[in-house]
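This is what each chain is made of:
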Amino acid sequence: QVQLDESGGGLVQVGGSLRLSCAVSRLTFSSYGMGWFRQAPGKEREFVAGIRGSGGSTYYADSVKGRFIISRDNAKNTVYLQMQSLKPEDTAVYYCAADRRLTSWRPDAMNYWGKGTLVSVSS
């Protein structure tokens, strides 16, 4: 069974940094596009950042461009999200997701999901 395990969430002050990790098992990792999504209380899940299987192309939501960086290590079957200059509005549960066809970065287009890790940014 495919498994995605996020880690690295926590409480951080405004302007701080965190790095999230997502370890993936039981799929051919380099063949899958990987995305980070987030869901704040009372809001819909939204796309944050994505990366293609080769790692050659990355994509970001406008709200995080210039502050977040997505990367992957195909040798370790892990995808990362480096978050800097964090804002209170970044507070959410962050999920990683995988999809092989990668037709869209819409949440409903992703095939596999982790259980999420909570990021809280205090002001």
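Sequence order sets the numbering: in each chain, residues are counted from 1 along the sequence as written. Restriction of local features to residues with pLDDT of at least 70 applies here, the model being predicted, together with a cutoff of 80 or more for giving and counting side-chain atom pairs; totals for whole chains, interfaces and linings are based on all residues. Based on all heavy atoms of the structure, the side-chain values leave hydrogens and waters out of the count.

**As for the packing of aromatic side chains**
To be explicit about the condition: Ring geometry is summarised as follows: Phe, Tyr and Trp rings, the Trp one being its six-membered ring, pair when their centres sit within 6.5 Å, and such pairs are stacked at plane angles under 30 degrees, edge-to-face over 60 and tilted between the two. The numbering of helices and of strands both runs from the N terminus, where a helix is a DSSP run of H or I of at least 4 residues and a strand a run of E of at least 2. Relative accessible area decides the class of each residue, using a 1.4 Å probe on protein chains only: under 20% of the type maximum gives buried, over 50% gives exposed, and in between gives partly exposed.
Counting across every chain of the model gives six aromatic pairs. Centre to centre, the rings of Tyr 32 and Tyr 112 are 6.2 Å apart; their planes meet at 50°, and the pair counts as tilted. With Tyr 32 in the loop between strand 3 (18–25) and strand 4 (33–39) and Tyr 112 in strand 10 (residues 112–113), the pair connects residues that are 80 residues apart, well separated along the chain. Given a relative accessible area of 10%, Tyr 32 falls into the buried group. Each ring, one from Tyr 95 and one from Trp 113, has its centre 6.3 Å from the other, and the planes form 80°; the classification is edge-to-face. Highlighted residues: Tyr 95 in strand 9 (residues 92–99) and Trp 113 in strand 10, separated in sequence by 18 residues. Taken together, the ring pairs in this structure connect Phe 37, Phe 47, Tyr 59, Tyr 95, Trp 105 and Trp 113 into an aromatic cluster.

**Points about the nonpolar core**
Formally: Only buried residues count toward a nonpolar core. Its members are Ala, Val, Leu, Ile, Met, Phe, Trp, Tyr and Cys residues joined through side-chain atoms within 4.5 Å. We call two residues in contact when some of their heavy atoms are within 4.5 Å.
In terms of nonpolar packing, the biggest core is built from 35 residues, with Met 34, Trp 36, Leu 81, Met 83 and Tyr 94 touching the most fellow members. If you list the elements that add at least two residues to this core, you get strand 3, strand 4, strand 5 (46–51), strand 7 (68–73), strand 8 (78–83), strand 9 and strand 11 (117–122). Broken down by element, the residue count for this core peaks at five residues, all from strand 9. Not counting chain neighbours up to four residues away, the residues in contact with Tyr 94 comprise Glu 6, Leu 20, Trp 36, Phe 37, Arg 38, Val 48, Phe 68, Leu 81, Met 83, Gly 116, Thr 117 and Val 119.

**Looking at the pairing of strand 4**
How we decide: Whether two strands pair depends on DSSP finding at least two bridges between them.
Within strand 4, six of the seven residues are buried, which leaves the element mostly enclosed by the surrounding structure. Relative to strand 9, strand 4 is paired through seven bridges, and the arrangement is antiparallel. Directly across from Met 34, in strand 9, lies its bridge partner Ala 98. Relative to strand 5, strand 4 runs antiparallel, the two being bridged by five bridges. Along strand 5, the bridge assignment pairs Arg 38 with Glu 46. Hairpin connection from strand 4 to strand 5: six residues lie between these consecutive antiparallel strands, with Gly 42 at a positive phi of about 75°.

**What to know about the state of the cysteines**
The criterion, for reference: Disulfide: a pair of cysteine sulfur atoms within 2.5 Å of each other.
Following the criterion strictly, the structure yields one disulfide and no others. What pairs with Cys 22 in a disulfide is Cys 96, and their sulfur atoms sit 1.9 Å apart. In this structure the cystine formed by Cys 22 and Cys 96 twists about its S-S bond by roughly 45°; its chirality is therefore right-handed. Of the two residues, Cys 22 sits in strand 3 while Cys 96 sits in strand 9, which places them 74 residues apart along the sequence. For Cys 22, a relative accessible area of 0% gives the class buried.

**Here's the deal with the sheet that holds strand 1 (residues 3–7)**
Hydrogen bonding along the main chain pairs the strands of a sheet, whether they run parallel or antiparallel. The following threshold applies: Angles shown run from 0 to 180 degrees and are taken between the N-to-C directions of axes, each axis being a line fitted to C-alpha atoms and, for helices, limited to the stretch in contact.
The four strands are arranged 1-3-8-7 in an open sheet whose pairing can be described as antiparallel. Both outer strands of the open sheet, strand 1 and strand 7, are each paired with one neighbouring strand and no more. Strand-to-strand twist of the sheet, defined as the mean angle between neighbouring strand axes without regard to direction, takes the value 15°. Direction of pairing for strand 1 relative to strand 3: antiparallel, over a ladder of five bridges. Within the sheet, the bridge partner assigned to Ser 7 lies in strand 3 and is Ser 21.

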